Structures are given as C-alpha cells and as structure tokens.
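Structural description and commentary
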Amino acid sequence: MIGDERAPAAWSRRHLLQAGLAAAAGIAAPALAADAGAGDLAGLSRQVRGRFLTSADAGYDDARRVWNKAYDRRPLAMARCADVDDVRRCVEFARRHALPVAIRGGGHSYAGWGVADGALQVDLGALDRVTIDPQRRVASVGGGTRIKQLLAASYAQGLITPMGACGEVGVAGLALAGGDTAARGLYGTACDNIIGAQLVTADGEVLELGPGRNDDLFWAIRGGGGNFGVVTRLDLQLHPILPSHNLGFRFGWNDIGAAMRVFGELMRTAPDYVRMGFEVDPAAGAAFGCRVYGSEVLAGDYFAILHKAFPRVESRLSPTRLDPVGEVWDTTNLAVDAAFLEGVDDALAAVLERAALAGRGFGAILMGLSNGKAARIGMTETAYPLRGTGLSSMISAEWQRPEDRERAVSWVAEHGGALRPWATRAYVNYLPPSSPDRIREAYGVNHPRLAAIKAHVDPDNLFRSNQNILPAPAA
Ligand SMILES: Cc1cc2nc3c(=O)[nH]c(=O)nc-3n(C[C@H](O)[C@H](O)[C@H](O)COP(=O)(O)OP(=O)(O)OC[C@H]3O[C@@H](n4cnc5c(N)ncnc54)[C@H](O)[C@@H]3O)c2cc1C
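Residues numbered from 1 in each chain as written. Predicted model: local features only at pLDDT ≥ 70, side-chain atom pairs only at ≥ 80, totals over all residues.

Quick notes on the overall build of the chain
Under the convention used in this document: Numbering of helices and strands starts at the N terminus; helices are DSSP runs of H or I of at least 4 residues and strands are runs of E of at least 2. When we talk radius of gyration, it's over C-alpha atoms, and the globule rule is simply 2.2 Å times the number of residues to the 0.38. Each residue gets a C-beta atom placed from its backbone, and two residues are in contact if those atoms lie within 7 Å.
When helices and strands are tallied, the chain shows 15 helices and 18 strands. Its C-alpha atoms give the chain a radius of gyration of 22 Å, near enough to 23 Å, the size a compact globule of 475 residues would have. Each of the three principal axes of the chain carries a C-alpha extent, and together these read 70 × 55 × 45 Å. Taking all contacts inside the chain whose residues are at least 6 apart in sequence as the whole, residues at least 24 apart take part in 72%.

Rendered as structure tokens:
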C-alpha cells in the first residue's frame, strides 16, 4: 500500500532527470508535466483489484526484477492487473498524470522493457487464461500468458502455433514484435498467426482488433510491439503438429567462416518444411542445426544433402521432444544486438568468424533462418518488416561479475556494428534499447505508417518503454 509521503518529491526529481535522458535519446517526453502525488497513487491502489506496490511496500524489489539483470530500474508504482478494467484504470491514471507506462508480460525482454524508472508498470502476469477452440483451431490467451502455458494447452489438442524456444517468455511480448520462431516456413511467424486481439489504448478505450475491425491498429500490432497500447487478449491461429526430425553438426572453433559460407548456400534453397540455424556458443564454438517437419523419409532425403554439404563433420540425429517449457535460460546480465542478414557472402563470413573468435568464452551468435511462408508475406502486409528469405541474427554476451560487463558490452557493440553494412532491418526484440533512427531503419518501409498510427492513438507517447516508434509530427 501507499504510505510514503516522500514519493511525489522523489518522482519529480526522477522525472526531471528522466526527461533529460529521454531528450538525449530522442524519446519524446509527455506533453504534460507528471504530477502524480502519493494521494493520487493511494486512490489508484484502492481502485485496482490486483496487487499494487510502490517503493514503500514489502515485495517491491522482488516485483521489479526482470530476466535481464542488467536493467535495475525503479518504477513509481506497479499494478498487477486482475482484469481489463484494472488495465484501463491504470492507463487512464497514467495519461491523466503524464506518467509513462511500462507493460510487463513475461518479463523476458532482452532490453528490460517490462520495467522503467519512474513509470507506472502495468503487470499482466495474472491475465494468463488460455482457451483452445479445436474446431476453429484458435487459441485465445490473456496478455500476460507465457509460451509454456499456451503450448501445454495446444499440445493437449494436437495443435501448435509458431512460438519461441523458451517457455518462460511472454506470448504477447514475442508475437507483437514479430517472432523468431520454428515452423515459420510452413505457418508464418508468430505475428502472422494473430487473428484477433483486445487492446486498451492510451485514452482508455477497449478495442477489438482483427480483419475489418480497427484495421490500422490490427496491422500495427503485428510487428509494432507494445507501442500502441496494452494487449489484454490475443487470438492465435493453430495448426496440426507434424512429426519433426533434427540433425546437428558441430564445428567447434575450426573453419567457422567456411562452415558459415556453406550455411549461406543451404539457406537459399531450404524448402518450407526446413528450419535451420547457425550458432556460436561461447564454450562449445560453432554448430549448425536443422529440423525437418514431415515424414522420416522426407527428413532422410534432406539430411543426405546436409551430409554432402558438411562431409566429415561430427553430426547427431535427435528426436523432437514436445515440451512446452522448452529451453529455459537462467536470469543473467546480457548485452545484445541484432541484424537481419539476407545472405552470407565471403566478407560477412569473415566478419562473423572474427567476432566468434574474439568472443570465445563469453560471446554468442545466433542466426535463425526465416524462409517459406514467413518470407513470402508482402513487406507491407503487416508492420513486421523481416520479409524475404534471411537470417534473424542476434549477437549477445553475458556477464556475472561487474568487472566483466565492459568486455561484454564492447564486444557486442563492436561486432554488432560490423554487421551493419549487411543489414539495416533487424528484429526489434533482439536490439538493445535503440535510438529513434535505429528503430526507423529496423522497420524500413513500414515506419512511416507506424509513426502515423502512433500519432493518432498515442500522441503523447505514453507507451514508450519499448523499441519506441515516435509519433509522426503533425502535418
Ligand atoms: C531466454 C529468452 C529466450 C528468448 N527466445 C526467443 C525466441 O525463441 N524467439 C523470439 O522471437 N524471441 C525470443 N526472446 C525474446 C522475447 O521474444 C522478447 O524479449 C519479448 O519481448 C519478451 O516478452 P515478455 O512478455 O516475456 O517480456 P516483458 O519484458 O514482460 O515485455 C517486453 C515488452 O513487450 C511488450 N509487451 C509484452 N506484453 C505485452 C502486451 N500484452 N501488450 C502490449 N505490449 C506487450 C511491451 O512493450 C513490454 O515492455 C527470448 C528472450 C529470452 C530472455
């Protein structure tokens, strides 16, 4: 509960500081000065049905922690919303008091967006209901549902929708930004499977989105992340689970560039039923992995091509386990950067090999193929800009001891920067907190429409704890 009479003064100072930082980063500060006092917050806490915390409350420090420990931020207050009305009340309060809103879903943002200094955090963790309609093949999930909750329910019906590898990640946080997913060659990526949504806008309206229902917003949320409001429900298309088979090759630290060039050749011709990726693990070195969706015969035929491509390289065949929890990665400190690479030429392979060797022991590179259906969808059909065949790539480095932070951050900055000549577009969920120019580049041709929609629905940029799309200036 609220009881800290010093809160308004602390907020005012922090807000001034933050406004300065926001201006430095090119992030628009709200038009009005923030003026939420302790009395106002106490009033909100009485209206909200879910838990409400400020820095004066026990549990505040636990609740503000996010997966990426590098982001140690202090929101003004945190509301764990019990329902859509709680979300609406919080957003209306934030707008009235010109407070930024930080939306928290699964808390797994690499850039720590679920928490922000001086913000009102709208925590959706309790909105995690999953309903499966097996006849229509549709899953409806609350805005804070995690992947493992969605997949546990859909697997039980023999159905799946493209999602990420870690079950702890929030479904909406992933799908609204696009999604780096398996099976996207066959079914499109996560945002391509959004068929409906409920959205609480900056002025507290609760809107239904879908084909023919608020078309501009429906377009914008399929790739534009949390810029347009709080998504309290997502409806996702489901598909049959196909058998799948995996083959992996390990290269260690030898001839990484050569292996990448072969990967670059294979990605050009990979059929829709093939998922493939190349990774450099800080400890084990380089590896190539491939999954084929379909019969054993289909997989055997494709794997024969791979054995020819990588003769004499140690390989391992493995079954796919249908585990909704997937690969869980412990909370850590992580620096990231991203690039969408349209191919791997000799010069790029050399740059990547150099990065891999320089980061041995702490730096990772992940390159996942985006092909098939996800690649063929038109560039402007959704806000998600990563169309055409390419590699959704992330370069990352973690650290545990404070003295290792600088090494990780510098390696990511240097080698992430070295990829820029090959890529302007990038998956926004794999970017570090980025300037408006970088975000403009990342969205490419879709940015002007996104900025115009933002100006219409969130002109004061209430929702700016995200890879921020600035509202377009008035014409
Ligand atoms: C271990 C790990 C594995 C990952 N694996 C993958 C992967 O395989 N594929 C992939 O594509 N990505 C992956 N990611 C990245 C992940 O998709 C993003 O970090 C995503 O933003 C996390 O969403 P979240 O809800 O868990 O995070 P949060 O920190 O809770 O939310 C991040 C931001 O997403 C937006 N958001 C979240 N929910 C809503 C909502 N309901 N309404 C409006 N906006 C919302 C908001 O802007 C919010 O601030 C991974 C991340 C981690 C840490």
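Next comes the rest of the description.
Regarding the site of the ligand
Defined as follows: Only the C-beta atom matters for nearness: placed from the backbone, it must lie within 6 Å of the molecule or strand for the residue to count as near. Each residue is assigned to one class: nonpolar for Ala, Val, Leu, Ile, Met, Phe, Trp, Tyr, Cys and Pro, charged for Asp, Glu, Lys and Arg, and polar for all the others, Gly among them. Domain borders in the structure are assigned automatically or taken from a domain database.
In the vicinity of the ligand there are 35 residues, among which G106, G164, G170, G173 and G226 approach most closely. Among the elements of the structure, β3 (101-104), α6 (171-175) and β10 (230-237) are those that each provide at least two residues to the shell around the ligand. In terms of residue class, the shell around the ligand is made up of 17 nonpolar, 16 polar and two charged. Residue contributions to the shell around the ligand reach at least three from each of two domains, namely domain 1 (7-123) and domain 2 (130-240).

A look at the domain arrangement of the chain
Examined at the domain level, the chain breaks down into domain 1 (7-123), domain 2 (130-240) and domain 3 (244-321 + 332-436). Here the C-alpha centroids of domain 2 and domain 3 sit 25 Å apart. The partner domain 3 presents 22 residues to the 20 residues of domain 2 that form the contact. Of all the elements in the fold, those that place two or more residues in the side of domain 2 that touches domain 3 are α7 (184-187) and α8 (215-221). Per-element tally for the side of domain 2 that touches domain 3: the top contributor is α7, with four residues. The residue makeup of the side of domain 2 that touches domain 3, split by class, is nine nonpolar, seven polar and four charged.

Considering the nonpolar core
The following threshold applies: Residues enter a nonpolar core if they are buried, belong to Ala, Val, Leu, Ile, Met, Phe, Trp, Tyr or Cys, and are joined to the set through C-beta atoms within 7 Å. Exposure criterion: with C-beta atoms placed from backbone coordinates, a residue whose C-beta has 20 or more other C-beta atoms within 10 Å is buried, one with 12 or fewer is exposed, and one in between is partly exposed.
Counting 139 residues, the largest nonpolar core has C90, V101, L120, V122 and I221 as its most contacted members. In contact with I221, other than residues within four places in its own chain, are L176, A197, L199, L209, F228 and V231.

Brief notes about helix α15 (residues 447-457)
Note the following rule: Directions from the helix axis toward the C-beta atoms define the arc.
Residues H447, L450, A451, I453, K454 and V457 constitute the buried set of α15. One side of α15 holds all its buried residues, which, seen down the axis, span an arc of 165 degrees. Taken together, the buried residues of α15 touch α8 and α14 (436-443).

Some points on unusual backbone geometry
Located in the positive-phi region is R137, a residue other than glycine, with phi close to 55 degrees. If you trace the backbone, R137 turns up in the loop between β5 (130-133) and β6 (138-142). Backbone geometry at N461 places phi at a positive 55 degrees, although glycine is not the residue there. Along the chain, the position of N461 falls in the segment after α15. Residue classification places N461 among the buried residues on the basis of 21 C-beta atoms within 10 Å.

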